[in-house]
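What the coordinates show
Here are the chains, one letter per residue:
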Amino acid sequence: QVQLVESGGGLVQPGGSLRLSCAASGFTFSRYAMSWYRQSPGKERELVAAITSTGGSTNYADSVTGRFAISRDNAKNTVYLQMSSLKSEDTAVYYCNALGSVGKVKWDYWGQGTQVKGDA
């Protein structure tokens with residue numbers, strides 16, 4: 001049974017920091033690229049950060065570059081999102097995504113999300 005369980009969300013003051021975690025089980029984590037997405041009320045889900053299966057390459061949305069850092073620990077089947085200098089516009093539900101691929105065939109798994117809310 002595939003599971004992605006996010007944790008670490010909460011209420012944070014502007015300029016503060018949070019670290020999100022996503023614990024994976026039920027699939028070979030080290031073979032999957034991992035990403036964090038977020039969705040605010042009334043907006044479409046957007047990609048925040050992504051990391052390759054080995055952790056050798058990352059990419060970020062322009063809006064979080066320099067403030068967020070994605071990392072993974074394949075021994076712990078966990079991906080992280082370190083968020084710093086948080087802004088009110090970072091308020092959203094953050095989702096973990098696992099992307100698998102074989103040739104041109106792709107599939108993915110989603111977590112249930114964790115809420116990050118700015119404490120204005």
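Report follows, based on the coordinates. (Residues numbered from 1 in each chain as written. Predicted model: local features only at pLDDT ≥ 70, side-chain atom pairs only at ≥ 80, totals over all residues. Heavy atoms only, no water.)

1. So, the pairing of strand E1 (residues 3–7)
Side chains of E1 alternate between two faces, with Leu4 and Glu6 buried and Gln3, Val5 and Ser7 left unburied. By the bridge criterion, five bridges tie E1 to strand E3 (residues 18–25) in an arrangement that is antiparallel. Note on E3: the bridge partner recorded for leucine 4 is alanine 24. (Buried < 20%, exposed > 50% of the residue type's maximum accessible area, 1.4 Å probe, protein only. Helix = DSSP H or I, 4+ residues; strand = E, 2+ residues; numbered from the N terminus. Pairing = 2+ DSSP bridges.)

2. Quick word on the sheet that holds E3
Read across the open sheet, the four strands follow the order E1-E3-E8-E7; overall the sheet is antiparallel. The two strands at the open ends of the sheet, each matched to only one other strand, are E1 and strand E7 (68–73). Sheet twist, expressed as the average angle between the axes of neighbouring strands with direction ignored, equals 15°. Taken together, the six bridges between E3 and strand E8 (residues 78–83) define a ladder with antiparallel strand orientation. Paired with serine 21 across the bridge in E8 is tyrosine 80. (Axes fitted to C-alpha atoms, helices over the stretch in contact; angles between N-to-C directions.)

3. Here we look at the nonpolar core
Residues Met34, Trp36, Val79, Leu81, Met83 and Tyr94 are the most contacted members of the largest nonpolar core, which totals 27 residues. Listing elements by their share of this core, those giving two or more residues are E3, strand E4 (33–39), strand E5 (46–51), E7, E8 and strand E9 (92–102). Not counting chain neighbours up to four residues away, the residues in contact with methionine 34 comprise Leu4, Phe29, Ala49, Ala50, Ile51, Ile70, Arg72, Val79, Cys96, Asn97 and Ala98. (Core = buried A, V, L, I, M, F, W, Y, C linked by side-chain atoms within 4.5 Å. Contact = heavy atoms within 4.5 Å.)

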